[in-house]
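Structural characterization, general
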Amino acid sequence: LAPILNGVRILEVSPPGGEEARRAQRIIARQAGHLSRLVNDLLDATRVSHGKLQLHPERLDLREVVERAAEDHRDLFTARGVRFDVSAASSAAWVDGDRTRLSQVVGNLLQNAAKFTPRGGSVRLSLELAEGHVEVHVRDSGIGIAREMLPHLFEPFRQADDALARSAGGLGLGLALVKGLVDAHGGSVDVKSGGRGTGTEVVVRLLLAEAPSAARELAPGAPPRPRRVLVIDDNDDGADSLRAVLALEGHTVEVEHDGPRGIEKCRGFRPDVVLCDIGLPGMSGYAVAQALRSDPALRGTFLIALTGYALPEDQRRARDAGFDVHLSKPPSIEQLRSAIARAP
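Read on for a plain summary of the structure. None of the values given here were measured: they were computed from a predicted structure.

Describing the pairing of strand S11 (residues 302–307)
Where burial is concerned, most of S11 is hidden: six out of the six residues are buried. Residue alternation in S11 divides its side chains into two sets, Phe302, Ile304 and Leu306 and Leu303, Ala305 and Thr307, and both sets are buried. Across four bridges, the pairing between strand S10 (residues 273–276) and S11 is parallel. Of the residues in S11, the one forming a bridge with Val274 is Leu303. With four bridges connecting them, S11 and strand S12 (residues 325–328) associate as parallel partners.

Here's the deal with the layout of surface pockets
Here the second largest pocket is characterised by a volume of approximately 350 Å³. Lining the second largest pocket are 13 residues, with Gly238, Ser241, Leu242, Pro330 and Pro331 positioned closest to its centre. Looking at the lining of the second largest pocket, the element that brings in the most residues is helix H7 (residues 236–248), giving four residues. Classifying every residue of the lining of the second largest pocket by side-chain character gives seven nonpolar, four polar and two charged.

Overview of the sheet that holds strand S2 (residues 83–87)
Strand order across the open sheet formed by five strands is S2-S4-S5-S7-S6, with mixed pairing between neighbours. Edge positions in the open sheet fall to S2 and strand S6 (188–192), since each of these has one partner strand only. Looking at each pair of strands side by side, their axes are set apart by 15 degrees on average, direction ignored. Set on the sheet, helix H3 (residues 62–80) makes contact with S2, strand S4 (122–130), strand S5 (133–140) and strand S7 (200–207); between it and S4 the angle comes to about 180 degrees. Relative to S6, helix H6 (residues 174–184) is tilted by about 145 degrees, and along the sheet it contacts S6 and S7.

Looking at the sheet that holds strand S8 (residues 228–232)
With parallel pairing, the five strands of this open sheet are ordered in space as S9-S8-S10-S11-S12. With partners counted over all chains shown, the strands left at the sheet margins are strand S9 (252–256) and S12, one partner each. Across the sheet, the mean angle from the axis of one strand to that of its neighbour is 20 degrees, orientation sign disregarded. When S8 meets S9, the two strands line up parallel, connected through five bridges. If you follow Leu230 over to S9, its bridge partner there is Glu254. Packed on one face of the sheet, H7 meets S8, S9, S10 and S11 and runs near 170 degrees to S9.

Details of the packing of helix H8 (residues 259–269) against helix H9 (residues 285–294)
Where H8 contacts H9, the axes come no closer than 10 Å and their chain directions differ by 25 degrees. In terms of orientation, H8 lies roughly parallel with respect to H9. Crossing angle aside, the handedness with which H8 passes H9 is right-handed. Residue-level inspection shows Gly259, Ile263 and Cys266 of H8 in contact with H9, the latter providing Val288, Ala291 and Leu292. Counted by class, the contact of H8 with H9 contains five nonpolar, one polar and no charged residues.

Regarding a nonpolar patch on the surface
A surface patch of nonpolar side chains, about 470 Å² in accessible area, is lined by Leu1, Leu5, Leu35, Val39 and Leu43. Its place among the elements puts Leu5 in helix H1 (residues 2–13).

Comments concerning unusual backbone geometry
For the peptide bond that leads from Lys329 to Pro330, omega is -10 degrees, which places it in the cis range. Examined against the element boundaries, Pro330 turns out to sit in the loop between S12 and helix H11 (333–341). Despite not being glycine, Arg270 has its phi angle at roughly 50 degrees, a positive value.

Some details on the environment of Ser91
Mapped onto the secondary structure, Ser91 falls in the loop between S2 and strand S3 (94–97). Exposure remark for Ser91: the relative accessible area of 34% places this residue in the partly exposed category. Put simply, Ser91 and Val203 are 112 residues apart on the chain and 19 Å apart in space, counted from C-alpha to C-alpha. Excluding residues within four positions of it along the chain, Ser91 makes contact with Arg63 and Leu129.

Looking at H6
With eight of eleven residues buried, H6 is to be regarded as a mostly interior element. Those residues of H6 that are buried are in contact with helix H2 (19–49), helix H4 (99–115), S6 and S7. Directly beyond the C-terminal end of H6, a positive phi value near 75 degrees is found at Gly186.

Quick word on the pairing of S7
Burial analysis of S7 places six of its eight residues in the buried class, which makes it a mostly covered element. Alignment of S5 against S7, held across eight bridges, turns out to be antiparallel. Bridged to Val136 within S7 is Val204.

Some words on the side chain of Ser14
By the element assignment, Ser14 lies in the loop between H1 and H2. Residue Ser14 is classed as buried on the basis of its relative accessible area of 14%. A distance of 2.7 Å separates a polar atom in the side chain of Ser14 from the backbone oxygen of Ile10. Setting aside anything within four residues of it in sequence, one finds Ser14 in contact with Glu20 and Ala21.

What counts, and at which threshold
- Residues numbered from 1 in each chain as written.
- Predicted model: local features only at pLDDT ≥ 70, side-chain atom pairs only at ≥ 80, totals over all residues.
- Heavy atoms only, no water.
- Buried < 20%, exposed > 50% of the residue type's maximum accessible area, 1.4 Å probe, protein only.
- Helix = DSSP H or I, 4+ residues; strand = E, 2+ residues; numbered from the N terminus.
- Pairing = 2+ DSSP bridges.
- 1 Å grid on protein atoms, 1.4 Å probe; cavity = no way out; pocket = protein on both sides within 12 Å on 5 of 7 lines; lining within 4 Å.
- Points joined across faces, edges and corners; volume = space filled by probe spheres on them.
- Nonpolar A, V, L, I, M, F, W, Y, C, P; charged D, E, K, R; others polar.
- Axes fitted to C-alpha atoms, helices over the stretch in contact; angles between N-to-C directions.
- Contact = heavy atoms within 4.5 Å.
- Parallel < 35°, antiparallel > 145°, perpendicular 65-115°, else oblique.
- Left-handed = near helix turned anticlockwise from the far one by under 90°.
- Patch = residues over 30% accessible without salt bridge, like charges linked within 9 Å, V, L, I, M, F, W, Y side chains within 5 Å.
- Areas by Shrake-Rupley, 256 points an atom, 1.4 Å probe, with all protein chains shown as cover.
- Salt bridge = Lys/Arg side-chain N within 4 Å of Asp/Glu carboxyl O.
- Polar contact = N/O pair within 3.5 Å; in protein donor to acceptor, adjacent residues only side chain to side chain.

And the structure:
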């Protein structure tokens, strides 16, 4: 939070569009992303520990997941001055898994490797096929792990008592989350290190599945055309900033801050899409959705729940109330585009 607040102060006093302002924007974006990951890690750790983690399995090629995660994180290694090598199996590695969660597994391992490998070091990501299973290896030349710490690595909030580890930040949840996610897929995780200064290798093993009879490729979706969008959210900053983001995307956007006025606005504005919070004054977002679905003139409106209530039962309640899509706060611009593009 400190660099975010510092960045806001810089924007307040710096000339718009100047180098200091652009640097402050980069800092805010980078640190907001870091803060979002920390909060998501805390939420996921809670879901894992309470058995409320929901998977959406499909038959997928793990090689594609690994290669995409590698590309997503390549700039991180470049910025840290760490050599990054990738080696994937020559043939498909079909598994039954949740694409998003498996990407999260590989991403967490790569972030850890980058965090604990000093400038000039190296990280290697590889995918290997073995009898009946597939292995993802992440090997780094970093600070390594003391032998006495190895049995405790998968415990939440446990970090090596090392100056570099503490200065690198984080909550000590990365490997605990990796294990919880991999366990949910019926796989296993192993960590190897010869001690301090010897680097670390993490190996994730998943069962192989049969190749699908006909692998189909999905054509990339067209960017969403401009829509009439109503945002219903009692958080003024959240609603106003979302209105600005959607307006920059070419949409016509209106905002209301409670349920009853949101419904009234729908009758006059006739939006194509409604982005509605769940916790609202006056009436809940669930009640708003039910009211819109019961109105013959509005029941065809495309409803998106945009909320911090993101557990599986919350998503189920949103569907039952009439929402077409459930997005967890804060959504990425890609998630918003994808959801709005689904509106008829």
